[in-house]
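Okay, here's what each chain looks like letter by letter:
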Amino acid sequence: MTETFSSKSTDSFRELLTLGKCNVLVTTYQAGQVVMLRPQGQGINTHFMGFDRPMGIAKRNNEITIGGAHSITTFRNLAAVGPKVGQGEQVDACYLPRKNHITGAIDVHEMGYDKFDKLWFINTKMSCLCTLDGDHSFKPEWRPPFITAYDLTDRCHLNGLGFRDGVPRYVSMLGAYDEPGGWRKNKISGGQIMDITTNEVMVDGLCMPHSPRWYQDSLWFLSSGSGQLMRMKPGEAPEVVAELPGFARGLDFIDRYAIIGLSQIRESSTFAGLPLTKRVEERQSGVWVVDTQNGQIVAFLVFTGNVQEVFEIKVLPHQFAAIVDAQSPFLATSYELPQQVLNNLAPMDPIQAPLEAASRAHVDGELDTAIKLYQEILQQVPEHPASNQQYGLCLIDAKQWDAAIKQLKHVMQLNPDNAEAMNLLGNAYQEQLNIEQAMHWFEQAIATDQQFAPAHYNRGKLLLKQRHYQEGWDEYEWRWQTPQFVPFKCDKPLWQGEDISDKTILVHSEQGNGDHIMFWRFLPLLAERCKAVIYFGPENLAPLVAEIPGVSQSRIPGALSKDLFDVYCPLMSLPKFLDITLENLPAPKRYVNIPKQVVVSALQGDIKVGLAWAGSPSHVNDVNRSMGLKDMLAVTQGIDAQFYSLQMPVSADDRALLAQHNVIDLEPELPGYARTAALIDQMDLVISVDTAIAHLAAALGKETWVLLSQNADWRWHLESDQSEWYPTVKLIRQQAPAKDWQSVIQVANQALEAWKKSN
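Residues numbered from 1 in each chain as written. Predicted model: local features only at pLDDT ≥ 70, side-chain atom pairs only at ≥ 80, totals over all residues. Heavy atoms only, no water.

Draft legend 1. The sheet that holds strand 2 (residues 23–28), seen in detail. One open sheet accounts for four strands, arranged 4-3-2-25; its pairing is antiparallel. Two strands lie at the open edges of the sheet, namely strand 4 (43–50) and strand 25 (312–316), each paired on one side alone. Sheet twist, expressed as the mean angle between neighbouring strand axes with direction ignored, is 20 degrees. Summarising the sheet, strand 2 and strand 3 (residues 33–40) pair through five bridges and their orientation is antiparallel. Bridge pairing in strand 3 links Thr27 to Val34. In the packing of helix 1 (residues 11–20) onto the sheet, contacts are made with strand 2, strand 3 and strand 4, and the angle to strand 3 comes to roughly 85 degrees. (Pairing = 2+ DSSP bridges. Helix = DSSP H or I, 4+ residues; strand = E, 2+ residues; numbered from the N terminus. Axes fitted to C-alpha atoms, helices over the stretch in contact; angles between N-to-C directions. Contact = heavy atoms within 4.5 Å.)

So, in C-alpha cells, the structure goes:
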C-alpha cells in the first residue's frame, strides 16, 4: 500500500506561525517521518523527511538533534544551502546531517541541551537519564531511586524530560516499578513527575504523563492517557488547562500559546481502557494550539494521511526552514569550513557570488539591500540577463512601480519573447491602475506563451475587476496551474456544468475564510441541480456552512470515503459552471444563519459597532489592505456608541490601547466563526478592512462598511461605494495610493456621525 503524507490546518495555525516567525518540527516514529511545518501563502507547507523511528528532538543555537532507532543524529543549519535544496527560494534555514552517534536500540525518548551545551536524553529501555561521550554508546547520569539495576526491560517507562534554569530538572514516567515492564500494571493512575535534583515526586496519580516543561514560572505537562494539558503553579495542586481530542505527547510554547502533539493511538492492549478512549471516539493526529490564558483551542493542524502518531514537537525560530536527509545530493557539495580556510578559497565566478547575495537579500525581504546589490552587478555587467530580470522583480516586490516598468522594458529589449517580464509589467501597470496597459501586457504574455498560467490568472482577475464576469471566470480557472495553488487530489471527475441531477457533488473550500463565506451564496443554486451537496472545508467554518440551504453534509479535513460523492468542484469555480454574470448574481440580504446551539455573551450598549482593522499577515496584499489599530480608533472619535473589537489575534499593546479607548475586546469569545457570527449578529454596524469579518457581517445582512485601499481586490471592482455582491455594504475607498488611511477614516468618521444621528 502506498503511504500518503498530507495535512489540513486552520488559518489561525498559519497565522500563529507567521506572526511568531517560526516553524514547527514534528517526529512520528509510527510513520518513520520527520515533518517540518512552515507557513506558505494561504496555508501550511508540510515537508516530510524519512527517518528511522524518530522520537526525541533537542535544539540549540544553529543545531537540532533527533533520536532514532539506534542512533542520535545532529543536524546543523547551513543557511546558504537553503535556496538550493529545491524547497523554494524562501528557505531561510537548512538543516543538514553532520554527526551520527550510535547508541544501540535503547528507545531514546525526550532530549535536550543544558546551558553548557551538553546533550541529555531519556534512555527508556534502561530506565535512566543519559549523556553522550566519545568512548561509549551512552553514559547513564541519573535513574529513579527505586530502579535497582540497569537492564533493557523498560521497568518504569521513563519518557519525558524538562529543563529549568538551563539544567535537567523534571522527568515523567508511567509507573514507579522495578521489574520488567512493570509500568503496565497501572496505566490509568500510576504515572509520576519527579524532580531529579531531590528525587521528590512532584505529581503522582497521573494517566501516562509526558513532556514536563517549566514555563512562565509554572510546571506544565501532558496527561497523555486522558488527553489533557495540565499546569502546576508553585505551592498549588495541578489543574487541567485544556482537554484535547487525542493522545497528547510533545509540548512547546510560542508566547502565550501551548503547541501540543496529538496521536490517534492504536486500539491495543497498551491503550485499552484509557480515559481518552472513553471520552473521545474519533481521536486526531496532528498539532494543536491552546491559549494558556483561557484554555481554548485556537488552532490546529491535523494529519490526513498515514501519520497516526506524533511523538515530539519543537518550535524553531525560522520563517521557512528546510531539513534534508543523509541521502541528499547536497551533502556532497555543501561544506562548513574554518574561517581561515574560507579566507583562502579561490574566487568564484565574479557574477555568481554577488548574484546569490542579492538573491538571498531579496528572498529574506531585505529589498533595499537587494536593490543596491542588483544595481552594483548591473554596473559591472549591464546586459546580464538573470540580474536584469531579478532586479525588475525586486522592484516589483518593493512596489517601486515606475522604476520596475522602466527596468522590465529594458529586460524586454534584451529578450523580446520574455513572457514572465511581460506578466510582471502587467502587474506593475495594474498597481498604478493603468488598466489598459496592464491588460495589454497580460495578453502579450499569453500571445508569447499560450500556456503561461500566471498571465492567464492575472488577466482573469483584471476582467472580474472590470465586471466582465463570463470571460473572467474562464481565465480565473488558470489559478490551478500557478505555483501558489495546489489542486484538490481526487480520483472522481471534476464537475464542469453537466447534468448531475442524480449525483452527489463534493464542494471543497479554497483560499481565505472571506472567500469561503462570499461564495457560499452559490451552494443553494448548486443544490437545485444535483442530488446532494457535501461541503468540505475548515473546522472553524463548518457549523456555519452546515446551515446554508441545500448543504446536506458539512465535512472537515480528514479521510473521505470514495463512496461519499460522485463528482467534485472547487468552491470558487462554481460561478463559472453555474454561468454566473452580474445580471444573475445571487445577492440576498442575508444568507448565513447561526446554529441554534451557539451561545455567546449578550453585548451591551444602545448602539453597538464592531471594528476589524487587519487581515491575515500572510495574505499577498495584506500590506495594502490592513491598517494599524491607532488608525482605526480615529473612527470612534466623538461618537457616542459602544465599540467592540472583532480582531483576532490581538497583541498585548493593542489590547491595552483598546482598553484605553473603551473598546471592548471580544477576542476570548471569537474562536470559531459561528461564535463570531453570533456576536456580530447583535451589532448595529460593522466597520472593517477587507477581511473575513467584513464578509461574515455582510453575509449576516448587517450594515457593513468596508475600508478599501485604492487598488482593492477584484471583487470590489474599480469604483462605486456599493457592492453588487452585498446589498448592505458601503465601500469607502482610498483616493491616493499606498497607506492613505487617514482620508478613509475621516470619511468613515463623518459618515458614522451622520449614521448615528439617523439611528
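The rest of the description comes next.
Draft legend 2. Seen up close, the packing of aromatic side chains. Applying the stated rule across the entire model yields 26 aromatic pairs. When the ring of Tyr457 is compared with that of Phe485, the centres are 5.6 Å apart and the planes differ by 80 degrees; the resulting orientation is edge-to-face. In this pair, Tyr457 is assigned in helix 10 (residues 453–465) and Phe485 in the loop between helix 11 (469–476) and strand 27 (500–508), connecting sequence segments 28 residues apart. Assigned by exposure class, Tyr457 and Phe485 land together as buried. When the centroid spacing of 6.2 Å and the interplanar angle of 50 degrees are considered together, the rings of Tyr469 and Trp725 count as tilted. Of this pair, Tyr469 sits in helix 11 while Trp725 is found in the loop between strand 35 (704–708) and strand 36 (729–733), placing the two residues 256 residues apart along the sequence. One aromatic cluster in this structure is built from Tyr457, Tyr469, Trp473, Tyr476, Trp480, Phe485, Phe519, Phe522, Trp714 and Trp725. It is Arg521 that lies over the ring of Tyr726; its NZ or CZ is 4.8 Å from the centre. (Phe/Tyr/Trp six-rings, centres within 6.5 Å; stacked < 30°, edge-to-face > 60°. Buried < 20%, exposed > 50% of the residue type's maximum accessible area, 1.4 Å probe, protein only. Lys NZ or Arg CZ within 6 Å of the ring centre and 35° of its normal.)

Draft legend 3. Broad picture of the packing of helix 4 (residues 352–363) against helix 5 (residues 367–380). One can describe the packing of helix 4 onto helix 5 by two numbers: an axis separation of 8 Å at closest approach and a directional angle of 160 degrees. Viewed along their axes, helix 4 and helix 5 adopt a mutual orientation that is roughly antiparallel. The two elements helix 4 and helix 5 cross, and the hand of that crossing is left-handed. Along the contact surface, helix 4 presents Pro354, Leu355, Ala357, Ala358, Ser359, Ala361 and His362, while helix 5 presents Leu367, Thr369, Ala370, Leu373, Tyr374 and Ile377. A breakdown of the residues in the contact of helix 4 with helix 5 according to their chemical character gives 10 nonpolar, three polar and no charged. (Parallel < 35°, antiparallel > 145°, perpendicular 65-115°, else oblique. Left-handed = near helix turned anticlockwise from the far one by under 90°. Nonpolar A, V, L, I, M, F, W, Y, C, P; charged D, E, K, R; others polar.)

Draft legend 4. Looking closely at the layout of surface pockets. Looking at the second largest pocket, its volume works out to about 530 Å³. Taken together, 25 residues make up the lining of the second largest pocket; nearest its centre are Lys59, Phe163, Arg213, Asp252 and Lys314. Of all elements in the fold, only strand 5 (57–60), strand 9 (108–113), strand 13 (158–164), strand 17 (209–215), strand 21 (247–254) and strand 25 reach the threshold of two or more residues within the lining of the second largest pocket. For the lining of the second largest pocket, the class distribution of residues is 13 nonpolar, three polar and nine charged. (1 Å grid on protein atoms, 1.4 Å probe; cavity = no way out; pocket = protein on both sides within 12 Å on 5 of 7 lines; lining within 4 Å. Points joined across faces, edges and corners; volume = space filled by probe spheres on them.)

Draft legend 5. Summary view of the sheet that holds strand 28 (residues 530–536). As summarised here, the arrangement of the four strands in space is 29-28-27-30, forming an open sheet in which the pairing is parallel. Two strands in the sheet have a free side with no partner beyond their single neighbour: strand 29 (551–555) and strand 30 (567–570). Between one strand axis and the next, the sheet turns by 25 degrees as a mean value, whatever way the strands run. As judged from the four bridges shared by strand 27 and strand 30, these two strands associate in the parallel manner. Across the sheet, residue His508 finds its bridge partner in strand 30, namely Pro570.

Draft legend 6. Region of interest: the nonpolar core. Among the nonpolar cores identified, the biggest contains 69 residues, and Trp495, Ile505, Trp520, Leu523, Leu574 and Trp725 are the most heavily contacted of them. Among the elements that line this core, the one with the most residues is helix 20 (residues 692–699), at seven residues. Residue contacts for Trp725: discarding those within four places in its chain leaves Tyr469, Trp473, Met518, Phe519, Arg521, Phe522, Leu585, Ala587, Trp714, Arg715 and His717. Formed by 38 residues, the second largest nonpolar core is a distinct cluster that contains Ala361, Ala370, Leu425 and Ala428. (Core = buried A, V, L, I, M, F, W, Y, C linked by side-chain atoms within 4.5 Å.)

Draft legend 7. Molecular detail of the pairing of strand 22 (residues 257–263). In terms of burial, strand 22 is a largely internal element, seven of the seven residues being buried. Of the two faces of strand 22, the one carrying Tyr257, Ile259, Gly261 and Ser263 and the one carrying Ala258, Ile260 and Leu262 are both buried. Relative to strand 22, strand 21 runs antiparallel, the two sharing six bridges. Looking across to strand 22, one finds that Ile254 is bridged to Tyr257. Linking strand 21 back to strand 22 in an antiparallel pair, the connection comprises two residues, with Asp255 at a positive phi of about 55 degrees. Of the pairings in the sheet, the one linking strand 22 to strand 23 (residues 286–291) comprises six bridges and is antiparallel in character.

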